[in-house]
Amino acid sequence: MNTDDNTDDANRQLLEATSRVALAGLLHDLGKLAQRADMPVPDTETLDVNKQIYCPNPKPHPNSPGWFSHVHAAYTALALDAIEPDLPPIRGRDASPFQEYGEGRAGGADDSLINAAAKHHKPETFLQWIVATADRAASGLDREKFGRYNTASDESPTTGKNHYTTRQYTLFEQIDIGPETAGAGPKSNWNFRYPLMPLSVESIFPELASHCESTDRPAARAEYAELWNGFREALKRIPNPHRANLPLWLDHFDALWMAFAHAVPSATAFGTVPDISLYDHSRVVAALSAALWRYHHDRQDDSEKVRTLLARRKDWDEQKFLFVQGDLFGIQDFIFAAGGETTKRAAKLLRGRSFYVTLLAECAALRVLDELALPPTSQIVNAAGKFQIIAPNTVDVIEKLRETRQRLDDWFLKHTFGQSGVGLAWTRASCNDLASGSKPDSGFRRLTRRLFGALDDVKLRRFDLCAGNSRPTVFDDYLRSIGKHGLCEIDGRSPADFGEFDDIKVSQLAADHIKIGNFLANSDRERLLISRRPINGPNVDSIVLPVLGFAVGFADGAAASGEFGTLAGGGELLRAWDISVPSADPRATLFQGYARRDVSGWIPRFTDDDISDASRYAGGATREPAVGIPEAEDIKTFEHLACEARDRDFRAGKAAPEQARWIGVRALMTLKGDVDNLGTIFQKGLNAPSLSRMASLSRQMNAFFAVYLPHLCRIEFPNTYTVFAGGDDFFLIGPWTQQMELASRLRDDFDRYVAGNREIGFSVGLAMTKPGRPVREIGEMAEDALENAKNFQRASADAGTVARKNAVTCFGRTIEWSRYRMLLEARASLAAHVRGLSHGYVYDLLQFVDLFDGVKHRPENAVWRSRFYYRTARALENVPGLKAHDRRQRLETLAQTIAEQGIEHFGGDYRVALFSHLYRNRH
């Protein structure tokens with residue numbers, strides 16, 4: 001948004017310098033991975049020299065006077081030397097703010113980036129103390145722990161394992177939000193660990209400790225060696241032209257570091273629970289380092305005085321940080337805006353709009369980072385339309401945040417007319433505010449409450465329309481535009497200021513939504529580019545409207561790394577993201593050379609098998625029109641997906657299997673769900689919360705929905721359409737039969753993902769519709785069903801009720817998950833036992849359920865059982881060839897299966913099994 005060239009150059013230089021400080025923070029514990037992998041060193045003497053430089057020697061060891069602690073710091077320096085050829089330049093005069101020997105050094109110390117990273121346990125200079133302080137603050141060290149930090153052993157006395165053999169614990173297993181047990185204190189018998197593998201669909205799931213952790217040190221080192229070698233090789237995959245643009249390269253490297261350090265325990269010493277990954281800890285250290293350095297740099301503080309204060313911890317009460325939070329609101333209205341043409345392009349619009357929502361949140365965060373000249377690692381939370389950035393607490397930064405908020409508001413008012421927007425809030429914090437602790441008044445717990453409160457406050461003051469500014473004139477512009485252009489035929493409310501597109505009049509936003517829907521349908525468009533200026537090229541598709549001031553394009557991999565090298569080197573290319581769906585191989589490493597955003601979801605496409613058996617999509621006996629068959633790899637429409645709910649009826653006639661007729665209702669089912677009590681989980685769930693733990697918990701929660709769910713759809717539920725999935729929620733559309741199974745499968749897999757912790761609930765709403773239903777109605781029905789699931793209650797032992805959530809709503813019935821699974825089994829049992837009986841007989845069973853449901857209020861309804869016997873006996877009389885003895889035996893079987901195990905056991909919930917059977921077998 002700045003136009004002055006000198007200002008742009010100054011901002012870029014400042015961003016480059018801040019990125020180098022962030023890189024030093026991000027790599028400060030690189031030696032932990034290298035040491036545990038037994039990285040080759042030039043010779044013993046070199047290692048010894050590095051130990052003397054970088055490692056504390058707190059006291060002589062009884063058997064070895066030369067004993068050093070925290071040897072990983074020496075390996076950090078050695079590892080940085082080893083990978084330096086594949087890094088952007090980190091030495092010399094152009095590596096500001098770092099310097100080499102003799103170049104403005106203080107006290108004879110080498111202020112290189114390598115030393116700033118490696119001397120975090122033995123800091124001397126201002127820059128070294130910046131990283132060291134960020135390291136301690138990220139760990140949530142209070143005053144007592146701070147004094148013991150550099151005198152601790154790398155060995156863990158509590159687990160019987162060391163830094164080679166210990167595997168990372170899962171935070172999910174520790175979550176406890178029960179009113180009587182929350183904050184009661186840490187346990188020691190955690191059962192689950194993360195396997196030491198690169199980031200993949202499979203490796204994000206914890207395993208039993210007995211499966212992935214042992215005391216076999218050579219085997220443990222071999223696992224680390226494989227991880228280290230994979231890291232070295234993957235580092236070379238980052239596009240070489242992007243090394244000239246440090247912030248862009250740093251974004252790629254951050255994804256690489258996450259891929260190979262997400263399951264490496266960060267801390268295993270002095271009794272700590274190793275539940276924070278090396279990546280999550282390093283990422284927070286990078287953010288704090290950048291903010292801390294910028295705070296003092298922008299204020300032009302005396303570096304020597306600051307170094308003394310940091311060393312003595314005399315300034316930890318000084319509020320040097322700003323926690324900047326963003327939250328996209330109005331998402332539902334944005335995605336499900338309805339106009340006259342919406343139903344004709346439902347799938348394409350949902351695809352484009354849901355992606356655009358994610359794009360808005362990403363670009364809003366990027367807008368903040370760009371205005372404040374902060375690197376991508378300063379953003380520590382990024383999920384489900386929410387982001388959190390750590391910035392320096394200076395007057396200039398606060399002023400720029402106010403200006404940025406104004407610009408964001410103006411953009412949303414202009415293009416969405418207040419239907420959606422980004423709430424932007426910021427909260428001051430000190431290092432002491434990051435102190436971890438189990439008590440309610442611990443520093444980080446207080447900070448967490450302030451952060452939640454600040455975000456709630458900004459949600460209630462959207463756009464500040466009552467603040468006395470001139471923004472209401474936007475709506476005058478809106479009325480004039482409507483009069484000039486007419487209404488957009490897609491959303492039915494915006495001015496059609498784009499003109500004709502795809503044979504209809506649309507707004508600029510609607511045109512871009514259609515474009516994005518088309519781009520995402522192209523499987524080659526796996527890179528998302530964000531730039532300061534328009535992106536042109538033969539292998540790139542761009543949208544028309546700049547998103548919050550940024551040009552956005554979709555490209556293939558070759559174009560992103562090759563043709564745009566000049567754009568990257570000139571600083572114009574801000575981000576280049578891999579947005580591909582995870583590989584079909586669950587063990588495949590997700591990192592492919594680029595920063596990654598799991599935002600695309602799964603899109604059902606026609607396969608060769610679909611084409612070879614295309615009669616499924618014909619009208620058939622249902623008298624519904626055929627929907628037509630495109631070619632293989634074409635995207636299925638909602639009408640096609642509804643047809644996938646039908647099955648072959650092999651019982652009718654003696655025709656060949658391929659000639660058997662299709663039965664079942666052609667319908668969709670919308671599946672909407674999210675995690676229960678997420679705010680409580682983050683505020684109260686952990687005994688000793690810290691900034692690193694919160695960032696890790698957010699990242700891991702997001703991964704289940706953004707990484708695993710699309711993979712599951714691809715492999716086992718390929719006809720499921722992902723509208724959105726990420727953060728803690730998801731919205732899926734697919735054939736109603738498969739969606740019912742998918743809901744149960746997701747709950748089971750989520751339970752495995754959170755290590756079986758019953759404190760972490762998961763609710764889902766299922767809504768069945770015809771494919772031509774307006775998308776807004778589909779969304780509202782699914783939201784209503786989810787709301788019913790969220791309000792689920794169950795009778796407690798004292799005859800009272802307690803809010804349970806953790807439920808599913810299906811066919812109007814809200815039930816807990818174990819009961820839902822039993823109903824799916826009851827449906828299968830029902831289908832097996834009513835073969836040969838009329839469809840009308842099964843339909844009549846609904847009357848008996850209604851009678852049984854009303855027995856408490858109307859005793860005469862108890863007649864339902866005799867009526868059931870009479871109706872069943874009459875139905876069996878119509879079965880040809882069934883003898884009297886067999887009829888009596890089958891009558892008793894049906895009475896036991898349906899009346900006792902079905903109606904009496906499930907009551908009104910048995911309708912789920914009945915409706916499912918009826919719809920599945922309708923001719």
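Residues numbered from 1 in each chain as written. Predicted model: local features only at pLDDT ≥ 70, side-chain atom pairs only at ≥ 80, totals over all residues. Heavy atoms only, no water.

A. Representation of the overall build of the protein chain within the structure. In terms of helices and strands, the protein chain carries 31 helices and 23 strands. Counting the 923 residues in the protein chain, one finds 58% classified as buried. Contacts in the protein chain between residues at least 24 apart in sequence constitute 72% of all its contacts with a sequence separation of at least 6. For the protein chain, the accessible surface area stands at approximately 37,000 Å², while carbon and sulfur atoms represent 48% of it. (Helix = DSSP H or I, 4+ residues; strand = E, 2+ residues; numbered from the N terminus. Buried < 20%, exposed > 50% of the residue type's maximum accessible area, 1.4 Å probe, protein only. Contact = heavy atoms within 4.5 Å. Areas by Shrake-Rupley, 256 points an atom, 1.4 Å probe, with all protein chains shown as cover.)

B. How the structure looks around the sheet that holds strand β9 (residues 527–531). In spatial order, the strands read β10-β11-β9-β12-β13; together these five strands make up an open sheet with mixed pairing. Only two strands of the sheet have a single partner each, and these edge strands are β10 (540–542) and β13 (595–596). Where β10 meets strand β11 (residues 551–555), three bridges bridge the pair, whose relative direction is antiparallel. The residue of β11 that forms the bridge with S542 is G553. (Pairing = 2+ DSSP bridges.)

C. Layout of the packing of helix α27 (residues 817–833) against helix α30 (residues 884–906). With their axes 11 Å apart at the nearest point, α27 and α30 run at an angle of 160° to one another. Accordingly, the angle class assigned to the pair α27 and α30 is roughly antiparallel. Here α27 and α30 pass one another in a crossing that is left-handed. Taking contact as the criterion, the partners of R819, M822, L823, A826, S829, L830 and H833 in α27 are, on α30, R890, T893, L894, T897, I898, H905 and F906. Among the residues forming the contact of α27 with α30, the class breakdown is seven nonpolar, five polar and two charged. (Axes fitted to C-alpha atoms, helices over the stretch in contact; angles between N-to-C directions. Parallel < 35°, antiparallel > 145°, perpendicular 65-115°, else oblique. Left-handed = near helix turned anticlockwise from the far one by under 90°. Nonpolar A, V, L, I, M, F, W, Y, C, P; charged D, E, K, R; others polar.)

D. Focus on the pattern of salt bridges. Summed over all chains, the structure comprises 55 salt bridges. The closest approach of N and O atoms between R91 and D81, which form a salt bridge, is 3.1 Å. Taken as a pair, R91 in the loop between α4 (72–83) and α5 (113–118) and D81 in helix α4 lie far apart in primary sequence, ten residues in all. Salt bridges sharing common partners tie together R367, D370, E371, R407 and R532. (Salt bridge = Lys/Arg side-chain N within 4 Å of Asp/Glu carboxyl O.)

E. View of the side chain of T872. By the secondary structure assignment, T872 is in helix α29 (residues 864–877). Overall, T872 belongs to the buried group, its relative accessible area being 0%. In this structure the side chain of T872 is engaged in a polar contact, spanning 2.8 Å, whose partner is the side chain of Y841. Every residue in contact with T872, bar those within four places of it in the chain, is listed here: Y841, L891 and L894. (Polar contact = N/O pair within 3.5 Å; in protein donor to acceptor, adjacent residues only side chain to side chain.)

F. Inspection of unusual backbone geometry at higher detail. Of the consecutive residues S96 and P97, the connecting peptide bond is found in the cis state with omega at 10°. Structurally, P97 is set in the loop between α4 and α5. Phi at L548 is positive, roughly 55°, even though this residue is not glycine. One can find L548 in the loop between β10 and β11. Notably, N677 is not glycine yet its phi reads approximately 55°, a positive angle. The residue N677 is located in the loop between β16 (668–675) and α23 (678–684) in this model.

G. Representation of helix α18 (residues 508–521) in the model. The end-to-end C-alpha separation of α18 is 20 Å, in line with the 20 Å expected for 14 residues at 1.5 Å each. Among all positions in α18, only L509, A510, A511, D512, H513, I514, K515, I516, G517, F519 and L520 are buried. (Expected span 1.5 Å × (residues − 1).)

H. Looking closely at the confidence of the model for the protein chain. Per-residue confidence for the protein chain gives a mean pLDDT of 87; residues scoring 70 or more make up 87%. A low-confidence stretch, residues 101–108 stays under pLDDT 50, and its non-local contacts, those more than four residues away or across chains, total four contacts. pLDDT under 50 marks residues 180–186. Its contacts with residues more than four places away, or in other chains, come to eight contacts. (pLDDT = per-residue confidence, 0-100.)

I. Main features of the nonpolar core. If you look at the biggest cluster of nonpolar residues, it comprises 243 residues, and the most contacted ones within it are F253, Y356 and Y910. Tallying contributions element by element places helix α14 (residues 346–372) first for this core, with 15 residues. Leaving out residues up to four positions away in the same chain, Y356 has contacts with F334, W411, L509, H513, I516, I543, L545 and V547. Grouped together as the second largest cluster of nonpolar side chains are eleven residues, V540, F564, A568 and A576 included. (Core = buried A, V, L, I, M, F, W, Y, C linked by side-chain atoms within 4.5 Å.)

J. Molecular detail of the sheet that holds strand β19 (residues 762–769). Taking strand neighbours across the sheet as the criterion, the six strands line up as β17-β18-β16-β19-β22-β23 in an open arrangement whose pairing is mixed. Only two strands of the sheet have a single partner each, and these edge strands are β17 (721–726) and β23 (813–816). When the angles between neighbouring strand axes are averaged without regard to direction, this sheet yields 15°. In the packing of helix α25 (residues 736–753) onto the sheet, contacts are made with β16, β18 (729–735), β19 and β22 (807–810), and the angle to β18 comes to roughly 150°. Packed onto the sheet, α27 meets β19, β22 and β23 and runs at close to 110° relative to β23.

K. Highlighting the side chain of D676. As for its placement among the helices and strands, D676 is situated in the loop between β16 and α23. In this structure the side chain of D676 is engaged in a polar contact, spanning 2.8 Å, whose partner is the side chain of S763.

L. Geometry of helix α3 (residues 44–54). Among the residues making up α3, those that are buried are L47, N50, K51 and Y54. For α3, the buried positions fall inside an angular range of 105° around the axis, keeping them on one side. The inward-facing, buried residues of α3 contact α4 and α5. Where α3 begins, the side chain of D43 points an oxygen toward the backbone nitrogen of E45, at a separation of 3.2 Å. (Arc of directions from axis to C-beta.)

M. Spatial organisation of the environment of L292. Counting through the fold element by element, L292 comes out in helix α11 (residues 278–298). Expressed as a C-alpha distance, the spacing of L292 and A391, which sit 99 residues apart in the sequence, is 8.3 Å. When near neighbours in sequence (up to four residues on either side) are disregarded, L292 contacts I130, T133, K320 and F321.

N. Representation of the packing of α27 against helix α31 (residues 910–920). Relative to each other, α27 and α31 sit at 50°, their axes nearing to 8 Å. In terms of orientation, α27 and α31 fall into the oblique class. Two packed elements cross with a definite hand, and for α27 against α31 that hand is right-handed. Only Y910, V912, A913, L914, S916, H917 and R920 of α31 make contact with α27, whose side of the interface consists of L823, A826, R827, L830 and A831. When its residues are assigned to classes, the contact of α27 with α31 shows eight nonpolar, two polar and two charged.

O. Main features of the packing of aromatic side chains. The tally for this structure, following the rule as stated, stands at 35 aromatic pairs. Taking the centre distance of 5.1 Å and the plane angle of 80° together, the rings of W411 and F412 count as edge-to-face. With respect to burial, W411 and F412 carry one shared label: buried. One aromatic cluster in this structure is built from F172, F205, F704, F705, Y708, F730, F750, Y753, F762, W817 and Y820. Positioned above the aromatic ring of Y164, the side-chain terminus of R221 is 4.1 Å from the ring centre. It is R313 that lies over the ring of W316; its NZ or CZ is 3.7 Å from the centre. (Phe/Tyr/Trp six-rings, centres within 6.5 Å; stacked < 30°, edge-to-face > 60°. Lys NZ or Arg CZ within 6 Å of the ring centre and 35° of its normal.)

P. View of the pairing of β11. For β11, the tally of buried residues reaches five of five residues, placing the bulk of the element in the interior. Burial along β11 is two-sided: the face carrying A551, G553 and A555 and the face carrying V552 and F554 are both buried. Pairing geometry for β9 and β11, over five bridges, is antiparallel. Paired with L529 across the strands is G553, a residue of β11.

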